[in-house]
Every structure is written in structure tokens, then in C-alpha cells.
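# A structural walkthrough
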Amino acid sequence: MKHDPRTIIKWISTTLLALGAFIGAVTLISTFRLARELPAGVCPYTSQSRSRLYLAIILCVAALVLSFFEDYNQKGK
């Protein structure tokens, strides 16, 4: 079963974007819920939530970079 490289890159890019958006949304929602319980002036971003936000950003940037390669392969044909 032979797959087109453009299709594989598109699938990986879409998956990374969806995963990054999901992780980012879950982290922001949990941080918002935590911020409501904390006293005023306390930063709600813990090291764990900060790490998850960085991971979400990295996944979304990787999806963006892969989308450039997908476009490059399409124009190359």
C-alpha cells in the first residue's frame, strides 16, 4: 500500500495542530479554574502548566513548519 508523501505530511501536520490545540486548551482551562481559587496577586501558572503550554506551542509550530513542506511538495510536481 503506497501513500503519497504529501498526504502523510498533511496528516501529521493536522494531527500535531489538533494535539497542540487540545493540550493548550486543557491547560488554559485548568489554569483559569485554579486562578479562581487563588488569592489576588498569586500567579496561577505552575511549572507543570507552563511546561504544557510550551509543549502546545512547540506542537503548533511544528504543524506550521510541516505545512510549508506540504506546500513545497505540491508545487514541486
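Anyway, here's the lowdown on the structure attached to this text. Keep in mind that this is a model prediction, so the values were computed, not measured.

### Some points on the overall build of the protein
A count of helices and strands for the protein gives 2 helices and 0 strands. Relative to its 77 residues, the protein shows a buried fraction of 18%. Partitioning the contacts of the protein with sequence separation of at least 6, the portion at a separation of at least 24 is 74%. When the accessible surface of the protein is split by element, carbon and sulfur atoms take 69% of a total near 6,100 Å².

### Here's the deal with the side chain of Thr-27
Note that Thr-27 resides in helix α1 (residues 5-37). Residue classification places Thr-27 among the buried residues on the basis of a relative accessible area of 0%. From its side chain, Thr-27 meets the backbone oxygen of Ile-23 in a polar contact 2.8 Å long. For Thr-27, the residues in contact, after removing those within four places along its chain, are Ser-49, Arg-52 and Leu-53.

### Details of a nonpolar patch on the surface
A cluster of nonpolar side chains, contributed by Tyr-54, Ile-57, Ile-58, Val-61, Val-65 and Phe-69, occupies part of the molecular surface with about 600 Å² of accessible area. Positionally, Val-61 belongs in helix α2 (residues 47-76). With a relative accessible area of 44%, Val-61 lands in the partly exposed category.

### Here we look at α1
The α-helix winds at 3.6 residues per turn, so residues separated by three or four positions along the chain end up facing the same way. For α1, spanning 33 residues, the distance from its first C-alpha to its last is 48 Å, which sits close to the expected 48 Å at 1.5 Å a residue. Of the residues making up α1, those classed as buried are Ile-9, Ser-13, Gly-20, Ile-23, Gly-24, Thr-27 and Thr-31.

### Some remarks on the side chain of Ser-49
Within the secondary structure, Ser-49 sits in helix α2. Here Ser-49 is in contact with Thr-27, Thr-31 and Pro-44, once residues within four sequence places are set aside.

### A short note on the environment of Pro-44
Its place among the elements puts Pro-44 in the loop between α1 and α2. The buried category is assigned to Pro-44, whose relative accessible area is 16%. On a C-alpha basis, the gap between Pro-44 and Leu-34 in space is 6.4 Å, while along the polypeptide they are 10 residues apart. Once residues within four sequence positions are removed from consideration, Pro-44 is found in contact with Thr-31, Leu-34, Ala-35, Leu-38 and Ser-49.

What counts and how
Residues numbered from 1 in each chain as written. Predicted model: local features only at pLDDT ≥ 70, side-chain atom pairs only at ≥ 80, totals over all residues. Heavy atoms only, no water. Helix = DSSP H or I, 4+ residues; strand = E, 2+ residues; numbered from the N terminus. Buried < 20%, exposed > 50% of the residue type's maximum accessible area, 1.4 Å probe, protein only. Contact = heavy atoms within 4.5 Å. Areas by Shrake-Rupley, 256 points an atom, 1.4 Å probe, with all protein chains shown as cover. Polar contact = N/O pair within 3.5 Å; in protein donor to acceptor, adjacent residues only side chain to side chain. Patch = residues over 30% accessible without salt bridge, like charges linked within 9 Å, V, L, I, M, F, W, Y side chains within 5 Å. Salt bridge = Lys/Arg side-chain N within 4 Å of Asp/Glu carboxyl O. Expected span 1.5 Å × (residues − 1).

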